[in-house]
Amino acid sequence: MKKKKFRFQGGAFLMLLLFGGLFFLLFGRMLLIQITGQIDGRPLATMADQKYLKESVLKANRGQIVDRAGEVIATDTLSYRLVAVLSKDASKGSKKPQHVTDFEHTAEVLSKYIDMDKEAILKRFEDAPEQAYQVEFGKAGRSISNETADAIKKEELPGIRFFEDKKRLYPNGNFASYLVGFAMPEETEDKTVKTVGKMGLEKTYNKQLTGIDGKVDFKTDRWGIPLRDTEKNIQAPQDGQTIQLTLDKTIENFTEDALNRAEEKYHPEKMLAVVVNPKTGEILSMSQRPSFHPGTREGLTGNWLNEAVEETFEPGSTMKMFTLAAAIEEKKWDPNAYYKSGQYEIYDQTIRDVNKVGWGMITFLEGFQRSSNVSMAYLLEKLGDQTLIEYFEEFGFGKKVGIDLPNEASGILLANYPSERLTTSYGQGSTVTPIQMVQAATAIANNGKMMTPYVIDQIIDPNTDKVLEKHEPAEKKSPISEATAKEVREILATVITSEHGTGKKFALEGYDAGGKTGTAQIPKSSGGGYIAGDGNYLYSFLGMAPIDDPQLLTYVLVQKPKLKAGQYGSDPTSEIFTSIMESSLKYLNIAPDAKQADNSLELKDYTGKSSEEVAADLTKLGLKPIVVGKQGEVVQQSPAVNTKVTKGSLVLLKTSGETTLPDFTGWSKKQVLVFKNFSGLDIRFNGEGFVVKQSLSKGASVSGNDPIVITLEEPEQLNQPVPESEEEPEIIGG
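Reading the values: rules and limits
- Just so you know, the residues in each chain are numbered from 1, in the order the chain's sequence is written.
- Where totals are concerned, whole chains, interfaces and linings use all residues; where local detail is concerned, this predicted model gives features only for residues with pLDDT of at least 70, and gives and counts side-chain atom pairs only at 80 or more.
- Side-chain numbers here rest on the full set of heavy atoms in the structure, without hydrogens or water.
- In this description, strands pair whenever DSSP reports at least two bridges between them.
- What counts as a helix is a DSSP run of H or I of at least four residues, what counts as a strand is a run of E of at least two, and both are numbered from the N terminus.
- Each axis is a line fitted through C-alpha atoms, taken for helices only over the stretch in contact, and angles between the N-to-C directions span 0 to 180 degrees.
- We call Phe, Tyr and Trp rings a pair once their centres come within 6.5 Å, taking the six-membered ring for Trp, and we label the pair stacked below 30 degrees between planes, edge-to-face above 60, and tilted otherwise.
- Between buried and exposed lies partly exposed: a residue is buried under 20% and exposed over 50% of the maximum accessible area for its type, with that area taken using a 1.4 Å probe on protein chains only.
- We call a charge positioned above a ring when the Lys NZ or Arg CZ atom is no farther than 6 Å from the ring centre and deviates by at most 35 degrees from the ring normal.
- Any carboxyl oxygen of Asp or Glu that lies within 4 Å of a side-chain nitrogen of Lys or Arg is treated as forming a salt bridge with it.
- A patch is a set of surface residues, each over 30% in relative accessible area and not in a salt bridge, joined within 9 Å for like charges and within 5 Å for the nonpolar side chains Val, Leu, Ile, Met, Phe, Trp and Tyr.
- Accessible surface is estimated by sampling points in the Shrake-Rupley manner with a 1.4 Å probe; for residues, cover comes only from the protein chains shown.
- Positive residues here are Lys and Arg, negative ones are Asp and Glu, while His and the chain termini are left out of the count.
- A charged residue contributes its charge at one atom only: NZ of Lys, CZ of Arg, CG of Asp or CD of Glu.
- Residues are treated as being in contact if the distance between any of their heavy atoms lies within 4.5 Å.
- As used in this structure description, the phrase polar contact means that two N or O atoms lie within 3.5 Å; if the pair is within protein, one of them must be able to donate a hydrogen and the other to accept it, and residues adjacent in sequence are counted only when both atoms belong to side chains.
- Here, nonpolar core means buried Ala, Val, Leu, Ile, Met, Phe, Trp, Tyr and Cys residues that are tied together by side-chain atoms lying within 4.5 Å of each other.
- Just so you know how the angles are binned, under 35 degrees is roughly parallel, over 145 roughly antiparallel, 65 to 115 roughly perpendicular, and the rest oblique.
- By convention, the crossing between two helices is left-handed when the near helix turns anticlockwise from the far helix through less than a right angle, and right-handed when the turn is clockwise.
- Expected helix span is computed as 1.5 Å times (number of residues minus one).

### Focus: the sheet that holds strand 24 (residues 537-545)
So, step 1. Read from one edge of the open sheet, five strands run 14-13-25-24-23, paired in antiparallel fashion. Sheet topology places strand 14 (282-289) and strand 23 (514-521) at the edges, where each strand pairs with a single neighbour. The mean angle between the axes of side-by-side strands here comes to 10°, regardless of whether they run parallel or antiparallel.
So, step 2. Inspection of the sheet shows strand 13 (residues 270-277) paired to strand 25 (residues 552-559) by seven bridges, in the antiparallel sense.

### Some remarks on the packing of aromatic side chains
So, step 1. Enumeration over the complete set of coordinates arrives at 21 aromatic pairs.
So, step 2. Ring centres of Tyr80 and Phe162 lie 6.5 Å apart, and the angle between their planes is 85°; this geometry places the pair in the edge-to-face category. In this pair, Tyr80 sits in strand 5 (residues 72-85) while Phe162 sits in strand 7 (residues 160-169), placing the two residues 82 residues apart along the sequence. We note that Tyr80, like Phe162, is buried.
So, step 3. Note on Phe541 and Phe577: the rings are 4.8 Å apart at their centroids and 70° apart in plane angle, and the pair reads as edge-to-face. You can see Phe541 sitting in strand 24 and its partner Phe577 sitting in helix 18 (residues 570-587), a full 36 residues away along the chain.
So, step 4. Take Phe541: its relative accessible area is 0%, and that puts it in the buried class.
So, step 5. Taking relative accessible area as the criterion, Phe577 reaches 0% and is therefore assigned buried.
So, step 6. Directly above the ring of Tyr80 sits Lys153, whose terminal nitrogen or CZ lies 5.5 Å from the centroid.

### As for the pairing of strand 33 (residues 708-713)
As a general feature of sheets, a regular strand has side chains that alternate between the two faces.
So, step 1. Pairing between strand 31 (residues 683-686) and strand 33: four bridges, direction parallel. Across the sheet, the residue bridging to Asn686 is Thr711, located in strand 33.
So, step 2. Pairing geometry for strand 32 (residues 690-694) and strand 33, over four bridges, is antiparallel. The residue bridging Phe690 from the neighbouring strand is Glu713, located in strand 33.

### Looking at the pattern of salt bridges
So, step 1. What the rule picks out here adds up to 26 salt bridges.
So, step 2. Asp76 serves as the salt-bridge partner of Arg168, at 3.2 Å between the closest nitrogen and oxygen. You can see Arg168 sitting in strand 7 and its partner Asp76 sitting in strand 5, a full 92 residues away along the chain. Just as Arg168 is buried, Asp76 falls in that class too.
So, step 3. Within the structure, one salt-bridge network assembled from shared partners comprises Arg62, Asp76, Arg168 and Glu202.

### Considerations on unusual backbone geometry
So, step 1. The residue after Arg289, namely Pro290, is reached through a cis peptide bond having omega 5°.
So, step 2. Relative to the assigned elements, Pro290 resides in the loop between strand 14 and helix 10 (307-310).
So, step 3. Cis geometry marks the peptide bond from Ser638 to Pro639; its omega dihedral reads 0°.
So, step 4. Within the element layout of this structure, Pro639 appears in the loop between strand 28 (636-638) and strand 29 (644-646).

### Some points on a negative patch on the surface
So, step 1. Together, Glu330, Glu390, Glu393 and Glu394 give the surface a local cluster of negative charge.
So, step 2. Position of Glu390 among the secondary structure elements: in helix 14 (residues 385-394).
So, step 3. For Glu390, a relative accessible area of 47% puts it in the partly exposed group.

### Section: the sheet that holds strand 32
So, step 1. Taken in spatial order, the three strands line up as 31-33-32 in an open sheet, and their pairing is mixed. Edge positions in the open sheet fall to strand 31 and strand 32, since each of these has one partner strand only. Shown here is a sheet whose adjacent strand axes are inclined to one another by a mean of 35°, direction ignored.
So, step 2. Lying over the sheet, helix 21 (residues 669-679) contacts strand 31, strand 32 and strand 33, oriented at roughly 165° with respect to strand 31.

### Re the environment of Ser540
So, step 1. Positionally, Ser540 belongs in strand 24.
So, step 2. The residues contacting Ser540, other than those within four sequence positions of it, are Pro315, Thr318, Lys516, Thr517, Gly518, Tyr555, Val556, Leu557 and Thr573.

### With respect to the side chain of Glu71
So, step 1. Looking at the element boundaries, Glu71 is found in the loop between strand 4 (65-66) and strand 5.
So, step 2. The buried category is assigned to Glu71, whose relative accessible area is 16%.
So, step 3. Among the polar contacts made by the side chain of Glu71, one reaches the side chain of Lys249 at a distance of 3.5 Å.
So, step 4. With near-sequence residues (within four places) excluded, Glu71 lies in contact with Ile65, Val66, Lys249, Lys669 and Leu673.

### Topic: the nonpolar core
So, step 1. Within the largest apolar cluster, 90 residues are counted, with the highest numbers of intra-cluster contacts made by Ile65, Phe322, Trp333, Phe395 and Phe397.
So, step 2. Counting residues per element, this core draws most heavily on helix 16 (residues 434-445), which supplies eight residues.
So, step 3. Every residue in contact with Trp333, bar those within four places of it in the chain, is listed here: Leu324, Ala327, Ile328, Phe364, Leu365, Phe368, Leu379, Glu487 and Ile491.
So, step 4. Listed in part, the 28 residues of the second largest apolar core include Tyr266, Leu552, Leu585 and Tyr587.

### As for the packing of helix 11 (residues 320-329) against helix 14
So, step 1. In contact at an axis separation of 10 Å, helix 11 and helix 14 are set at 110° when each is read in the N-to-C sense. Classed by the angle they form, the pair helix 11 and helix 14 counts as roughly perpendicular. In this structure, the crossing between helix 11 and helix 14 has a hand that is right-handed. The segment helix 11 lies against helix 14, with Phe322, Thr323, Ala326 and Glu329 engaging Leu388, Tyr391 and Phe392.

### Concerning helix 17 (residues 482-497)
So, step 1. The first and last C-alpha atoms of helix 17 sit 23 Å apart over 16 residues, in line with the 22 Å expected at 1.5 Å per residue.
So, step 2. Among all positions of helix 17, only Thr484, Ala485, Val488, Arg489, Ile491, Leu492, Ala493, Thr494, Val495 and Ile496 are buried.
So, step 3. Buried residues along helix 17 sit in contact with helix 11, helix 12 (364-369), helix 16, strand 23 and strand 24.

### Considering the side chain of Thr711
So, step 1. Tracing the sequence through the fold places Thr711 in strand 33.
So, step 2. The contacts of Thr711, once residues within four sequence positions are left out, are Asn686, Phe690, Val691, Val692 and Lys693.

In structure tokens:
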């Protein structure tokens, strides 16, 4: 009996010892956690934060692409992403359901607003994993506009939520599309969505344009609802860099409009136009057809090449201006010497002029004006064909110009045989890029100084306004002198003014222009030889104006236009060239040549003088002074000192004090932009061209907070003269 009692007492003691040990172990564990704040080496606060701390992404803006004046070409705009919450946990603690309760009804309603049918939406709901909290709708559920989001919200569908998103906006539509390219949303490996450049500058500068997202950390309750009055840790987003181009939005619009009209009228296979400032090499506009809308990709074909830089072709007779320049530089050019036109024999080949039988004995000057191939052959005898190839290499043909754009092609100078060197002299056989032609022509337009074309003006960090890169004009060694350049320009002017000239259609209203026409054969895609048939040629014009001191250089190409009876290849090229040049020269306030002798004035330096006195003097000279501010000392002027202007031109004089609005009617956009810069007023533009209306009337006194809307319209296009002659394709063969 005693033995059993002892056993019972012994068992109780063991149980007490066991539970006591566990109690002290647990107590020690709790004491250790309290003292160290850690469990298994992990901070207790961190574990709590992981459960209740949430993170929200602050989306960075993709960098803007802007023109030379800072006007937007590509930017981010606010859009929405659609999400459907499926988990019932989202509705815990809420009086109203916060998850999708009726798949059928929700799918039916959403199908009215997004590009996804009811069955596909329903399948998205039903195929979701059982543990899925929410589902999204791919492309159909992204880039939703504010209007569409509001309409869906009014349907009051349980579980349907919207999150702010970014959408790439191209406000100008078809605008330098192959240069700018496009960017679009793309899902990354971590299942987040980012805007990625797919083509053009958007792709080339994707790294610079891509911003760095920020975040905000905040605490929530057990249901995931943010707690009030809790401290937030915010890391601000860093927006992508701003790419500022040398493009002038107004001149680009002149180019786009001219190409649109030609496309509608002539339906060519391809077109291209490039406008450059020959003094600096800055590309002011660059476009091609077919084109597309970067926002929707409507019109985008299998060709993704920016053909001004990435495509090569045989240029035709525009190349003759560089053969002429080489001959003048080498003193082998005699414009009054005679030669027998018609045909030229070289080994087993016969080079023929446009009319095959020629014009008899004519001067070399007339031969150039008529675009005679035979004149080039005889000129090459005097110059030496190897010498010509050396000049062409110095002009930059056969190698990349080094423009700040991707995938530049180099072209090929065919020079292995005498016949190749001969055909190269008038633009057949060898291949070039449009940007090479433009670069070489700057040497002629810019008094012997050859400038490297470029399209990026500067790259700016919008978060600090710091300029990260600044591109400056770069001069290359030129093969010709100033005297040669001037003589070539004089001869190019006669191509337009001479009774024998092939360029009569390219005459400008009010400006003396010069240039060279081209009609090149197009190689067959296979089997050798060239495509035959009416209109199956590459028509072109490379021209500049005003010819005495060119401010603009424009290159136009039109391939295989559909011509009606009585139409020529120079019709579309001349209509594009004259439209772009006349509108752009007027927009830039370049004084017309015909009036310069009698009607032009050179502006003096008016800064530091009384605006009242300066305005009186300018009025006497026939100019229109506009004082931006109150009467007082002039601190800035536009146009600048020594600029030549015609009578009736505006001269803006900046002073200090409150600004009174003038009548903007008839002002160019550039002039209004100068006024905006001088005054600091919030002036907004609607349209392109010249002012036809303003939201606040003349004499209104305004502050920087009052928006002023300026409406502009394009100038009417002038009728072009009908040519007396037309250049035809060069003919090779015997």
